[in-house]
Amino acid sequence: MASMKSFQFSKFFNKMIYIATLFSLVVLALPKVGHCQQDRRVDKLFWAVNLNKNELTFKKYLINDTKKVDITDLELWPEMINTSNPFKKIYHENSPDWKLLLLTRGFAKIKDERTASTVYINAQRNAKKLRLGMWQGTSSDDNLNQTSQKAADLNQSSQKAADGGPIDYGALLKQIKGFIMEWGGYAAIITSLIFIYNIIRVYRKRRKLFLLFLGARASGKTTLYKRMFQPSDRPEECDKPTTSPTTTRSTSPKIVPLGSYDVTPVYIDTAGGKPGEQASEMLYKESWFQRMLRPSRFVWIIILATTDKHVCYSTPDEDKIDLNFISEQLGYLYLPRGILQATDTPKPDLILLCISKFDLFSEHDPHTKFALESKTKIMTIFAPHINRLKETVGGSIPVHFEIVSACEGWRVKEIRDVIEHHVYPRNTNQ
């Protein structure tokens, strides 16, 4: 349960990261849009090239000649007389009002307010109240810094409201956009780093698990395979016994949280009557590139049964226990044992030896005390099989023994718990 909750939280966290990343990309795209707009209007660029006592000289983009503006009605700040590029800025308006810019920056003052326009008078008042340029007696460099300019633009709209005039919503929106541009960039960087970390974290948690079902024909491989693939459904093979003609490979559509990892199970149901196909599956090994992209683990699930016939609980024991079939399965074990003993063949990470069809001998789960007698009988029958496999493996590969009933769903969940414990334990690097 804790593993499932952690998995669900991880999915929610991933979605929030994607949303934050999308927002950051939108924020980062805003300056690009602005640049594109500037590129489309490069023929409307103006900048001041010189400022003297009586006139301001400016240029227009792609035009070599300069133009002059008469400013004899203004009294310049002495420190700005005979300066080049006084505004240190490019303007995109058509024919900017240079006098208004001088008054706004505090670079000049009106000689006679009685003949000046209201716009010029208000600009001069704002510069006075903000103590810009000549109104605070500091050097022009101090007033041309970015902080002072931002303060001037930021207070312009609020000052108009204080004087009883309308609020300049355009200036206010400009400041909000600038704030988003500046802090949105930092947020985008932080979010991108979190996003990259999350990708790495999710990638490191992804694993692929191959579950290879092995056994003789009609031993219950397909029934157990389907029960593990769809735990809530009773396999149709319980009522209509069939034999798989070919090997079936199914990848789970859902990622399953096992231990500390998010695992994609691949169920491989081999054909019991075709040992060649079973050998090919046991010898299968992913390429180094596949293992690098998603590390994988292999589990052999070897199925044993007392009979290959369709019988039931009320059937006499002599019909449920087929000694010839049991002996045949002991001989069948030579195939996986040979692959395990070879030195240059891929080995599984876990071997599960499952005795199926326990519902033929008991009406109770094999883990309960009511099934103890039947369980002891089964273990006695297959003791040679278990011992032979353990002798072959030794202690190099974990071997787990389980008595199950796929039709009743007995001990199927415990198989997953065993896989989680041995193959994907928590807090380890697999």
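Overall, the coordinates contain 8 aromatic pairs when judged by the stated rule. Clustering of aromatic rings is evident, with ring pairs tying together Phe210, Tyr284 and Phe298. When the ring centre of Tyr284 is taken as reference, the NZ or CZ atom of Arg249 above it lies at 5.5 Å. A cation over an aromatic ring shows up here: Lys320 above the ring of Phe361, its NZ or CZ 4.9 Å from the ring centre.

Here we take up the environment of Leu76. Structurally, Leu76 is set in strand β4 (residues 74-76). Remark: the alpha-carbon pair of Leu76 and Leu103, spanning 27 residues in sequence, is separated by 9.4 Å. If we skip the residues at most four places from it in the chain, Leu76 touches Leu51, Asn52, Lys53, Ile71, Ile81, Leu102, Phe107 and Ala108.

Our next topic: the sheet that holds strand β5 (residues 83-84). Taken together, the 4 strands give an open sheet; going across it, the order is β3-β2-β1-β5, and neighbouring strands pair in antiparallel fashion. Looking at which strands have only one partner, the edges of the open sheet turn out to be β3 (66-70) and β5. Strand direction decides the pairing type here: strand β1 (residues 46-51) and strand β2 (residues 55-60), joined by 5 bridges, are antiparallel. Each residue of the ladder has a partner; that of Trp47, found in β2, is Lys59. Each of β1, β2 and β3 touches helix α2 (residues 98-105); the most contacted strand, β1, lies at about 70° to it.

To continue, consider the nonpolar core. For soluble globular proteins, the rule of thumb is that nonpolar side chains tend to be buried together. Leu214, Trp300, Ile302, Leu340, Ile351, Ile378 and Leu389 are the most contacted members of the largest nonpolar core, which totals 33 residues. Residue assignment for this core shows that the elements contributing at least two residues are β7 (206-215), β10 (261-269), β11 (296-304), α11 (323-332), α12 (334-341), β12 (350-355) and α14 (383-393). Counting residues per element, this core draws most heavily on β11, at 4 residues. Excluding residues that lie within four positions of it along the chain, Ile302 makes contacts with Leu214, Leu333, Pro336, Ile351, Leu352, Leu353, Cys354 and Leu389.

Looking now at empty space enclosed by the protein. Applying the stated criterion across every chain yields a total of 3 cavities of 30 Å³ or more. Lining the largest cavity, in full, are Phe210, Leu212, Ile268, Glu281, Tyr284 and Phe298. A breakdown of the residues in the lining of the largest cavity according to their chemical character gives 5 nonpolar, no polar and 1 charged.

Turning next to the pattern of salt bridges. Throughout the structure, instances matching the rule amount to 15 salt bridges. The partner of Asp308 in a salt bridge is Arg217, and the shortest N-O contact between them spans 3.4 Å. Taken together, the residues span a long stretch of sequence, with Asp308 in the loop between β11 and α10 (317-320) and Arg217 in the loop between β7 and α7 (221-229) at a distance of 91 residues. A residue is classified by how much of its surface remains accessible, and Asp308, at 24% relative accessible area, is partly exposed. Lys377 is the partner of Asp317 in a salt bridge, and the nearest nitrogen-oxygen pair spans 3.0 Å. With Asp317 in helix α10 and Lys377 in helix α13 (residues 372-381), this pair connects stretches of sequence that are 60 residues apart. Salt bridges sharing partners connect three or more residues here, namely Arg217, Asp308, Lys309, Asp322 and Glu328.

Reading guide: rules and limits
- Here the residue index of a chain counts from 1 through its sequence in written order.
- Local features in a predicted model are, by the rule used here, given only for residues with pLDDT of at least 70; side-chain atom pairs are given and counted only at 80 or more, and totals for whole chains, interfaces and linings are based on all residues.
- Water and hydrogen atoms play no part in the side-chain values, which are based on all heavy atoms of the structure.
- Any pair of Phe, Tyr and Trp rings, taking the six-membered ring for Trp, is counted once the centres come within 6.5 Å. Such a pair is stacked with planes under 30 degrees apart, edge-to-face with planes over 60 apart, and tilted for the rest.
- Whether a charge lies above a ring is judged from NZ of Lys or CZ of Arg, which has to be within 6 Å of the ring centre and within 35 degrees of the ring normal.
- Per the convention used, a helix needs a DSSP run of H or I reaching at least four residues, while a strand needs a run of E reaching at least two, with both numbered from the N terminus.
- Contact between two residues is taken to exist if any of their heavy atoms lie within 4.5 Å; hydrogens are not considered.
- A pair of strands is considered paired only if DSSP assigns at least 2 bridges between the two.
- Throughout, an axis means a line fitted to C-alpha atoms (over the contacting stretch in the case of helices), and angles, computed between N-to-C directions, take values from 0 to 180 degrees.
- To define a nonpolar core, start from buried Ala, Val, Leu, Ile, Met, Phe, Trp, Tyr and Cys residues and group those joined through side-chain atoms within 4.5 Å.
- Using a 1.4 Å probe on the protein chains alone, a residue whose accessible area is under 20% of its type maximum counts as buried, one over 50% counts as exposed, and one in between counts as partly exposed.
- Here a cavity denotes a set of grid points, spaced 1 Å apart and computed over the protein atoms alone, in which a 1.4 Å probe fits but from which it cannot get out, and a pocket denotes an open set meeting protein on both sides within 12 Å along at least five of seven lines; residues with an atom within 4 Å of a point are reported as lining.
- Grid points are joined across faces, edges and corners, and a volume is the space filled by probe spheres set on the points.
- We call Asp, Glu, Lys and Arg charged. Ala, Val, Leu, Ile, Met, Phe, Trp, Tyr, Cys and Pro are nonpolar, and the rest, Gly among them, are polar.
- Note on definitions: salt bridges are taken to be side-chain nitrogens of Lys or Arg within 4 Å of carboxyl oxygens of Asp or Glu.

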